[in-house]
Every structure is written in structure tokens, then in C-alpha cells.
Amino acid sequence: MTALSKVLSENISYIESRLPVGTSFDFMTRRLLLGETPCYFIGINGFCKTEVLQQILAEMQNPLVSDSPVEDIVRYMDSRIGYAQASLADSWEDIVRSLLSGPAVLLVDGFAQGILIDVRTYPSRGVAEPDLERATRGARDGFVETLLSNANLIRRRVRSPGLCFAMHSVGTESRTDVAVAYLEGTVNRDLLDTLSAALDSLQATALTMGATSLEELLVRKRWWNPLPSIQMTERPDVACSYLSEGHILVLVDNSPQVLILPCTIFQFTQNPEDYYKSPPVGTYFRLVRFLCIPVSLALMPLFLLAAAYYPDLAQSWGLLSQDGMTPQRLFFYVLAVEFLLDLFKYSSSLSSGRFSGSLSIVGGLIIGDVAVSLNWASVEVLFYAAVTLLASLAITDTEFSDAIRLYRILMLVATGFFGLPGFAVSLALVVLSAATTPTFGGFSYFWPLFPFNGKALSRLLLRSPTFKAQPATTWSRGKVHK
């Protein structure tokens, strides 16, 4: 590490060579006098609380208190800087990293140390409820893009002395702050050590997409593994419930999403709505969501298989209302409607909230009616596609739902071209893809189904009353694979 000089002019020259001082408008610099001792102040405009900083500097320059030269920087900081978040740094690496993160720096002539004054503040939106994880009852707050605010939301709910936030820095250029939150006594120490080592050894320039970029760096997946390997949430109550069960939370600065480790496929079927309702009602809706997964995956391929290759069976079961539809034509209908529904969902999610509802409903009705009138689709195909879309929307996690959509398209194409063998082979490929989905730490993606744990599985399938879930149970998932 490069050490500071005791000569103030040399320190100023070094910092001006490292940073675009004078070129970039947001750097604030001032040459000041602390009594008779020259000093140099530098900070980033917009990152510093101006009122607090002005009060600190006014107290330091007050001649009525002391007008003598600074002889001991440690004693001077302890006696003249009453602000709680002040510290000393003696290396340029620490000073530059801290300065670019927000704290202001004060360099004093005659000392090879700089005073870091953490008066930073970040632009931030309100802690509103996240759009993708809404609940009819319960808390209305959500994580934001400021790491400290997110840590406060967790600390507010979990006031345990064992709650710890370990800080890491990821990205050679971005230097993004990443905090690992865990509870002492319940956390898997092997998994925690593996995660800490992985964060410190990541070779990345920047976390461009925040938590999503970090997820892809922590778990390397193949193209045939579309299912998410790490669960993410924007709800503090969801994150704290997993934290109390022994999970690890990863908070990324500039991202409202919190990563939850370890992860299994069953976590994507959970919803906070279950716990804001009575146990029987919560259990019922949880089982409905479990049922929506196979419905979203296999309903359209099964309809295509029966209607295109077994028309007599489809007629006897009432799957088709008209005769004479060729398999090729039905296959085209299914693919066209699948594409149109995905187009409606995608366009409505990106459009303004004032228009998304009317766009999806009115547009779907108009185009569906016109498509049937022009013989570009059939009523049966639109019906089964609509049921499939509703089942997909009932799945809580959107990333998990999108992966199911890719699986469904694969099964539709295989079934349309090869019939029953194509359906069977594509279904086997889907199961194989899900079974080989990697997780951080090498745990089974299908735990507690494999390896089997009956009590843990019942907790996932059934909503237990609160008095039976207290205290939270930490389940063993086996050995961590590094």
C-alpha cells in the first residue's frame, strides 16, 4: 500500500494525479487553516451532508477554542471532532476508496495520516412496497438502492446481538459494497466461509446490474439451466424470516434486491401472503400455487398432443369443438397464441401503470376476437392459453415463471414435430435440466425432497401455525461443496 507523506503539498499533488480534481465538477476542494496549521479538504458534492460538514469545520476553525498549531493528530481528532463517524487512514488506497464511496477527507500538514469524516448521504427513494411481491396485508415497506437503509430495515426487525453485517468490496472499477448478513449460532459456518472467500476472490470489473450480476458471478450456470439458482426478494419481512431460519442474506449497494442463500426449488413457491392469512387458508393457496407449476408447464403441450395426434380422444373428452383441424394448423395456432400472450405480458410490464391494465385486457380481447374471426386461432387454443397464463401469473417468482415458460415452449415444439415421443423426451429433458440446476454451496436443488426430510417438506407444503413454528428451526442440508 502507498503511504501518505508528511508534506501537505506532496499529498495534494498525489491526490490530484489520482483523481480528476478540477476537471470533474462534483469534486469539492478547500485549502483551510486549523489554527496555524494548513490543511486540505476534499469531498464529493451530493454525497456529503452540507449542514453537518459546515458545523464540523466551523468547530475545528473556532479561534476561541484553540488557535495553536496541530501537534498530535490523534489527540486533535478526539478533542476537536465530536462527530461519531470520524477515523484515521494512512494509505492512499483506503483514502481514495473511502472518498469515492462518500466520506470526506481532511489532509493535515505535518502528518502522514488523513482524517475520514463520514458525512455521506445518498439519493434514495421511499421504502415503498415492491410491485412484484405485493401482499393484501402486512408491512408495506421494501428494500431500496441504499445498502445502509436496507441494513436498518433488517436490524429493525431482528434485534439480536448475533446479527452481523460483514462488508466486502466487489469490482475492480466499481468497488461495490456487498454486505453479508447472518445470525451467529444459526448460520452454517462452512457456507459462510465459502461465501466470504468467493466474494473476496471474484474477478469482475463492476456489478453492472447489481444483485443480478452478483448472482451470475457466484453461480455459474449452463444455457440449459434457466431456473434461478439463488432466490432474491425486495421484502424485508421475507428476508428476515429466512435469516431467522439460518439462511444468509447478501445485500448489494445500488440494488433493492437481497440474495438468500442457500436456495432450493421449493422456496420459489412461498409467498408472504400465506402467513398473513389463517393456516387453513394459507395452506390452500400454497397448494394452489404448487398445482400452478405443472399446469403452466404441461397444459398446452398436453392439449396439443391430444388434439393434434389423438383427435378422437380429444373429441370424446370435449377438448375440441370443431372437426377437421389438421395437426399442422393446430400447431401453428398454439405457437401464435403463445407468442401473442408473451407479447402482451411483456409489453404491459414495460408500459406505464396507467395503461398496462387496459393494454393487456382490451388488447387481448380485441386481438383474440379478430384472430378467431379470421381463422388465425381457435377458441379452444385461446382458452387453454389463457388458463396457462393465469397459472404462470400465480407463480410468485417471476424469474422462476419465465424459466417455466421456456420449458413449455420446448415441450410445445417437440410435441408439435414428433408427437408423443417428442413430448416424453422433452419432459425428460426438463426434469434433467431442473435436477442439474447448480446452487451455491453444492446443496441439492430439490431439498428436502432429495435428500428426503419429511418434517421440512411438510413445513414447505403446509402453512404451520405460528406457535408451532417458534422458535425457528434450522435444518441441516448436508455438507457444503466448495
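Structure's up top.
Cut-off values and rules
- Residues numbered from 1 in each chain as written.
- Predicted model: local features only at pLDDT ≥ 70, side-chain atom pairs only at ≥ 80, totals over all residues.
- Heavy atoms only, no water.
- Helix = DSSP H or I, 4+ residues; strand = E, 2+ residues; numbered from the N terminus.
- Buried < 20%, exposed > 50% of the residue type's maximum accessible area, 1.4 Å probe, protein only.
- Polar contact = N/O pair within 3.5 Å; in protein donor to acceptor, adjacent residues only side chain to side chain.
- Contact = heavy atoms within 4.5 Å.
- Salt bridge = Lys/Arg side-chain N within 4 Å of Asp/Glu carboxyl O.
- Pairing = 2+ DSSP bridges.
- Axes fitted to C-alpha atoms, helices over the stretch in contact; angles between N-to-C directions.

Caption draft 1: Just the environment of Gly318, in detail. As for its placement among the helices and strands, Gly318 is situated in the loop between α10 (311-316) and α11 (327-350). Owing to a relative accessible area of 51%, Gly318 belongs among the exposed residues under this scheme. For the pair Gly318 and Phe332, spaced 14 residues apart in the sequence, the C-alpha separation amounts to 21 Å.

Caption draft 2: The side chain of Asn225, seen in detail. With respect to the secondary-structure elements, Asn225 resides in the loop between α7 (211-218) and β8 (231-233). You can call Asn225 buried: its relative accessible area is 4%. A polar atom in the side chain of Asn225 sits 3.4 Å from the side chain of Trp224. What Asn225 contacts, discounting residues up to four positions off in sequence, is Ser433, Thr436, Thr437 and Pro438.

Caption draft 3: The pattern of salt bridges, seen in detail. What the rule picks out here adds up to 13 salt bridges. Of the charged contacts, one joins Asp94 and Arg97 as a salt bridge, the two residues approaching to 2.8 Å between their closest N and O atoms. Of this pair, Asp94 and Arg97 both sit in helix α4 (residues 92-101), three residues apart, roughly one helical turn. The class for Asp94 is partly exposed, based on a relative accessible area of 22%. Here Arg97 falls in the partly exposed class, since its relative accessible area comes to 34%. Put simply, Arg235 and Asp237 hold a salt bridge, and the shortest N to O gap is 2.9 Å.

Caption draft 4: Summary view of the sheet that holds strand β9 (residues 248-252). Taken together, five strands build an open sheet; the order of strands is β6-β7-β9-β10-β8 and the sheet is antiparallel. Here the strands that pair on one side only, and so sit at the sheet edges, are β6 (163-170) and β8. For this sheet, the mean angle separating the axes of adjacent strands, direction not counted, is 25°. Packed on one face of the sheet, helix α6 (residues 189-201) meets β6, β7 (176-183), β9 and β10 (258-261) and runs near 175° to β7. In this fold helix α8 (residues 236-244) packs onto β6, β7, β8, β9 and β10, with an angle of close to 50° to the strand it touches most, β7.

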